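Report on the structure
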Amino acid sequence: MTMLLLRRTVQTAVRTKHCRSFSASQTHLNERKGLVLGVFEKEGGLHLTEAAAGFDQTLSGKLSELLKISGPALKTGKSRIFYGIHKDFPCVAVVGLGKPSAGVCGSENWDTSKENIRQAVSAGCRLLQDLEVKHVEVDGCGDAQSAAEGAALGLFQYDQLKSKKKTKVTTQLYRSADSVGWQKGVVYAEGQNLARLLMEAPANHITPTAFANTIEEKLALHAERVTINKRSQAWIEEQQMGAFLSVSKGSEEPPVFLELHYNGSPDSKQAPLLLVGKGITFDSGGISLKPSPSMDAMRADMGGAATVCASIVTAAALKLPVNIIGLAPLCENMPSGKATKPGDVVTARNGKTIQVDNTDAEGRLVLADALCYGHTFNPRAIVNVATLTGAMDVALGSAATGVFTNSDWLWEQLHKASVVTGDRVWRMPLFQHYTRQVTDSQLADLNNIGKYSRSGGACTAAAFLREFVTAPHWAHLDIAGVMSNKDEVPYLRKGMSGRPTRTLVEFAAGLAHDG
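Residues numbered from 1 in each chain as written. Predicted model: local features only at pLDDT ≥ 70, side-chain atom pairs only at ≥ 80, totals over all residues. Heavy atoms only, no water.

Bringing the pattern of salt bridges into the picture now. Summed over all chains, the structure comprises 23 salt bridges. Among the ionic pairs, Asp 130 bridges to Lys 166, the shortest N-O distance being 3.1 Å. Here Asp 130, found in helix 5 (residues 112–130), pairs with Lys 166, found in the loop between helix 6 (144–155) and strand 8 (170–174); they are 36 residues apart in sequence, far enough to count as distant. A residue is classified by how much of its surface remains accessible, and Asp 130, at 48% relative accessible area, is partly exposed. On the accessibility criterion, Lys 166 (32% relative accessible area) is partly exposed. (Salt bridge = Lys/Arg side-chain N within 4 Å of Asp/Glu carboxyl O. Helix = DSSP H or I, 4+ residues; strand = E, 2+ residues; numbered from the N terminus. Buried < 20%, exposed > 50% of the residue type's maximum accessible area, 1.4 Å probe, protein only.)

As a further point, take the domain arrangement of the protein. Looking at the assigned domains, one finds that the protein contains domain 1 (33–158 + 166–177) and domain 2 (198–512). When each unit is reduced to the centre of its C-alpha atoms, the spacing between domain 1 and domain 2 is 37 Å. At the junction of the two partners, domain 1 supplies 20 residues and domain 2 supplies 16 residues. Of the roughly 1,600 Å² buried where domain 1 meets domain 2, counting both sides, 53% is carbon and sulfur surface. Its largest share of buried area at the contact with domain 2, domain 1 owes to Asn 109, Leu 153 and Tyr 158, together 34% of the area lost on that side. (Domains from an automatic or database assignment. Contact = heavy atoms within 4.5 Å. Buried area = accessible area lost by both parts, 1.4 Å probe.)

Another aspect to go through is the pairing of strand 14 (residues 344–347). Pairing of strand 14 with strand 15 (residues 353–356), which is carried by four bridges, proceeds in the antiparallel orientation. Across the sheet, the residue bridging to Val 346 is Ile 354, located in strand 15. Linkage of strand 14 to strand 15, two consecutive antiparallel strands, is achieved through a turn of five residues, within which Gly 351 is found at a positive phi near 95°. (Pairing = 2+ DSSP bridges.)

Here you go:
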């Protein structure tokens, strides 16, 4: 009878998810601490992590007992909360980590163990955040970096412009020696959250000038390693970037060509990694106007620039021993009496002429001039990132970033990094078949859309960009499909995703390690 009453009490507490208050004092409520602990699946039950087992031992096995009687075994990413079982932690969330030896999955192209930890820790932290717990200690779950990423990514919420905000939660590692891994995970996640912040903010708040100023502020802490140039329209005109200017001319907001130099390598002569990000801070489509439904999401059409710049901020915070140059052509694409018209011909920095048959295919135009300029730095590799085509979203959805590259070596480096981060990439074709469709133009050297219109749209866009590349190691990342998150990535809330910032950082770290 006693055991039956205990079971009912626990089940009621778990289902209601309301934390018991041990004091009427509001101060006491504000000082509540939460704890997130992990459990693995095993045959016939659960296997506690090292930290969870230690916690359970201090309670003489009470946690294990409660887990057994409170319901079925916890599945991956699921959570259960217990109240009042420890004097220091009024609320304890226990999360399911899946199988302990999951590891890298060849068919999924990621490390399942790492993804399970991110998902589980995120779920536990959010559960405690909903209970207005302001400080949470987190079990490292055997991989403190992944745990930190799950916590920081899962708790992020863009509510800067709302009067009612989510509870701000601070997190720290619980009972683990891997503080270095934890801190690394925090920095990786903060980098992605910076990209999310820039992408989510409304376009009247993040103009080209405001974007450049925000990145300058973020890099101020690393001034000894970073040089920032905010190039004006006059400089853009001097560089004869006619393709870029053809996009910006319809807007009242002046364009900015943001140039970042991170000098992390001890060898100042080391060839840099060049990252180029499309920076359309709002894309109306121009004269080829987009449909009004969902046009508001085009505030995030600068996702390429956001992820590139955020990855450089992160590289600087990590003090990666590698040289990186970041380029972000920033402007709006707007209709007006000054805007480029369908059928107009413009001249890019390298002298190639482009027939602009669709002003909504503007990202490739701003990238063309940026890629031409980037070659002047003799980079070891070039990676451009852009929310370039709706066709990429149709092809891969939000599962992975599409990668078009002329380099097997570069593909292998990007793929290896994505397996670690769980923010996956997938290689796409770069055939001459697509090149012929953009070089067959009635009025100019190139057309900014393929001759067969929508067929293979992501591939013809990549083929267009290739016409402005002479480097042997170049990759184009089309991130249109991963720009936002509904519920596909469980440790990201609904909204702009900031993907694939962590993969770019891991890629740069790999280059630094390999020299």
